[in-house]
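The lines below spell out each chain.
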Amino acid sequence: SLAASYPLYVEYCPVTIDLTEPFYAQCIFPGQECPKIAGNLSVHLPAKDLDGAQAEVSLAGPGAQAKPVTVKLKDGKASFTLDAAGIQEGEHQLTCRVLGKKKELASTTVTIRKLPPAPGSCVYIDRNLNLVMDGKTLFVRSWMGDEKYMVSAELLKKSPHPDSQFVNFWSGTIGMEAERLDRSEVAERVKLDVAPSPKVFEEMKKNIEANRSDKSTRFYYLCDEPECRGVSPVYLKYQYDFIKKHDPYHPVVIVTRAPELYTKCADVLSPHPYPNPITESSGKRKLSNSISQTRKMTRTILEAGNGKIAPWYTAQAFSYGVMDKQADYPTFDEYQAEVFCAVANGCKGVFPFLYFDHFNSVDLRLGCDFVYETLAGIEKFLQRFEQWMQSKE
């Protein structure tokens with residue numbers, strides 16, 4: 001039989017709600033103050049239908065007392081605010097109805113959750129895109145992969161952590177890569193705009209149930225370099241929504257060179273525009289990719305994610321020598337340049353690859369720790385940056 005598939009480029013929604021309060025994951029986390037529910041409406045209907053139209057926004061749920069508010073639409077857009085006083089733990093339905101002169105034109109509902117205390121660790125993103133872990137705000141200084149991936153089991157027995165005292169975010173990575181959860185899933189299927197197989201959801205549910213109450217759990221790692229395999233953002237969005245439904249207490253992370261494609265599939269995007277240094281047979285050294293790509297990708301996350309997706313940065317701390325005999329390790333200057341280029345452009349975490357290989361380079365063995373110590377020294381300053389969207393105004 002013959003078949004054809006086409007990627008989904010446009011998804012039509014007559015009316016959308018972009019929440020600004022609560023800011024992250026449509027959830028009010030334990031200890032957070034949220035005196036109001038606020039957001040922006042976008043109505044996508046013919047202009048003739050919107051002539052004189054208004055939007056009515058209402059909130060229903062445990063303890064909700066706010067009366068519905070009606071706002072005027074201007075060019076199909078409006079902002080709204082509802083009093084959140086008295087709302088209790090549980091799910092609340094925020095509904096927007098677009099009302100024409102004689103009838104309802106469109107409506108949509110989103111769920112806002114006021115969460116009870118977390119059964120395990122509680123990790124979320126704050127308004128400034130910092131990571132908050134069990135009440136402590138962090139500028140993430142970590143490594144891609146967990147400790148079992150970084151070093152041998154014997155070395156772990158001798159030390160609770162593999163290396164630096166300046167790393168503040170060890171382990172706790174829960175893998176959710178679809179192809180690993182269901183090896184019978186046809187590799188081409190992840191490229192289609194379809195829901196994952198029932199087996200993928202079944203294995204995801206097992207992973208969530210096994211880890212959401214664990215104090216050491218930090219985040220879910222959804223996909224590695226999806227752009228390299230053409231993994232569909234629609235496919236990943238199904239997975240993302242499933243995770244957030246069953247465990248809102250832990251963010252979802254994707255490492256990608258095409259962050260603009262995956263802003264609806266993750267809470268954290270970590271680009272990896274490796275400089276790929278090489279030393280030619282003549283002895284001339286050069287970078288295969290410019291450090292400017294770091295700036296470009298970090299800003300892309302902030303812009304494409306509308307200031308709501310936390311940008312981290314996966315720096316190169318290894319050599320591609322296994323693939324290219326001319327490949328070399330980044331020097332200290334190159335490594336430092338890419339990391340601080342990311343930080344200067346809004347990066348909120350450093351998440352380099354690859355841990356054990358950086359020991360093969362004196363520059364990286366000494367330099368990575370120096371960079372992390374520097375970041376630790378200015379952590380409070382980095383956390384005080386105003387939220388990016390506000391800085392544009």
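Scoring rules and cut-offs
Residues numbered from 1 in each chain as written. Predicted model: local features only at pLDDT ≥ 70, side-chain atom pairs only at ≥ 80, totals over all residues. Heavy atoms only, no water. Helix = DSSP H or I, 4+ residues; strand = E, 2+ residues; numbered from the N terminus. Buried < 20%, exposed > 50% of the residue type's maximum accessible area, 1.4 Å probe, protein only. Contact = heavy atoms within 4.5 Å. Pairing = 2+ DSSP bridges. pLDDT = per-residue confidence, 0-100. 1 Å grid on protein atoms, 1.4 Å probe; cavity = no way out; pocket = protein on both sides within 12 Å on 5 of 7 lines; lining within 4 Å. Points joined across faces, edges and corners; volume = space filled by probe spheres on them. Nonpolar A, V, L, I, M, F, W, Y, C, P; charged D, E, K, R; others polar. Core = buried A, V, L, I, M, F, W, Y, C linked by side-chain atoms within 4.5 Å. Expected span 1.5 Å × (residues − 1). Axes fitted to C-alpha atoms, helices over the stretch in contact; angles between N-to-C directions. Parallel < 35°, antiparallel > 145°, perpendicular 65-115°, else oblique. Left-handed = near helix turned anticlockwise from the far one by under 90°.

Q: Residue-level account of the environment of Val69, with values.
A: When you line up the elements, Val69 lands in strand E5 (residues 69–72). Under the relative-accessibility criterion, Val69 is labelled partly exposed at 22%. Taking the C-alpha atoms as reference, Val69 lies 9.6 Å from Leu59; in sequence the two are ten residues apart. The contacts of Val69, once residues within four sequence positions are left out, are Ala55, Glu56, Val57, Phe80, Thr81 and Leu82.

Q: Go over unusual backbone geometry with me, naming the residues and quoting the values.
A: Following Glu21, the chain continues to Pro22 via a peptide bond in cis, the omega torsion being -5°. Examined against the element boundaries, Pro22 turns out to sit in the loop between strand E1 (15–21) and strand E2 (27–28). The omega torsion across Phe353 and Leu354 is 25°, close enough to zero to call that bond cis. Mapped onto the elements of the fold, Leu354 is located in the loop between strand E20 (349–350) and helix H10 (362–377).

Q: How would you sum up the sheet that holds strand E15 (residues 252–255)? Please name residues and give values.
A: In spatial order, the strands read E13-E14-E15-E16-E19; together these five strands make up an open sheet with parallel pairing. With one partner strand each, in any of the chains shown, strand E13 (173–175) and strand E19 (310–311) form the two edges of the open sheet. In terms of strand pairing, strand E16 (residues 268–270) meets E19 through two bridges, oriented parallel. Residue pairing for E19: Val268 is matched across the bridge by Ala310.

Q: Break down the confidence of the model for the protein chain for me, with residues and values.
A: Averaged over all residues, the pLDDT of the protein chain equals 90, while 90% of them reach at least 70. Element-level mean pLDDT values for the protein chain span from 47 in helix H12 (residues 388–392) up to 98 in E16.

Q: Kindly report on empty space enclosed by the protein, identifying the contributing residues and their values.
A: Inspection of every chain in the model, using the stated rule, returns two cavities of 30 Å³ or more. Broken down by secondary-structure element, the contributors of at least two residues to the lining of the second largest cavity are helix H4 (178–181), strand E14 (219–224) and helix H7 (233–246). The biggest single contributor to the lining of the second largest cavity is H7, with three residues. Each residue belonging to the lining of the second largest cavity can be placed in one class, and the counts come to seven nonpolar, one polar and three charged.

Q: Talk me through the nonpolar core; I want residue IDs and the actual numbers.
A: Of all hydrophobic cores here, the largest spans 31 residues; its most connected members are Phe29, Ile125, Leu131, Phe169, Phe219 and Trp312. Going through the elements one at a time, strand E9 (123–125), strand E10 (131–133), E14 and E15 are the ones with two or more residues in this core. Sequence-distant contacts of Phe169, that is, excluding residues within four places in its chain, are made with Leu131, Met133, Leu138, Val140, Arg141, Ser142, Arg218, Phe219 and Trp312. Listed in part, the 27 residues of the second largest apolar core include Ile17, Leu73, Ala78 and Cys96.

Q: Could you give an account of helix H8 (residues 292–304), with specific residues and numbers?
A: Along its 13 residues, H8 runs 18 Å from first to last C-alpha, staying within 8% of the 18 Å computed at 1.5 Å per residue. Every buried residue belonging to H8 is among Thr294, Met297, Thr298, Thr300, Ile301 and Leu302, and all of these are buried. Asn306 lies just past H8 and shows a positive phi near 55°.

Q: Account for the pairing of strand E7 (residues 90–99), naming residues and giving values.
A: When strand E4 (residues 54–60) meets E7, the two strands line up antiparallel, connected through seven bridges. Directly across from Val57, in E7, lies its bridge partner Cys96. Note: E7 against strand E8 (residues 104–114), ten bridges, orientation antiparallel. Note on E8: the bridge partner recorded for Leu94 is Val110. Here E7 hands over to E8 after four residues, the two strands then running antiparallel side by side.

Q: Hey, could you go over the packing of H8 against helix H9 (residues 332–344) for me, with residue numbers and the actual values?
A: A pair of packed helices is characterised by two quantities: the angle between their axes and the separation of those axes. Between H8 and H9, whose axes approach to 9 Å, the crossing angle comes to 30°. Judged on the interaxial angle alone, H9 and H8 are roughly parallel. The crossing of H8 and H9 is right-handed. Contacts from Thr294, Arg295 and Thr298 in H8 reach Glu338, Cys341 and Ala342 in H9. Looking at the contact of H8 with H9 residue by residue, the class counts come to two nonpolar, two polar and two charged.

Q: If you had to explain the packing of helix H5 (residues 198–211) against H7 to someone new, which residues and values would you point to?
A: In contact at an axis separation of 11 Å, H5 and H7 are set at 35° when each is read in the N-to-C sense. Here H5 and H7 pass one another in a crossing that is right-handed. Of the residues in H7, those touching H5 at Val200, Phe201, Met204, Lys205 and Ile208 are Tyr235, Tyr238, Gln239, Phe242, Ile243 and His246. Class assignment for the residues of the contact of H5 with H7 results in eight nonpolar, two polar and one charged.

Q: Any details on the environment of Val98? Residues and values, ideally.
A: Tracing the chain through its elements places Val98 in strand E7. Given the relative accessible area of 0%, Val98 is considered buried. Setting aside anything within four residues of it in sequence, one finds Val98 in contact with Val15, Val43, Leu45, Leu50, Gln54, Ala55, Leu73, Lys103, Glu104, Leu105 and Ala106.

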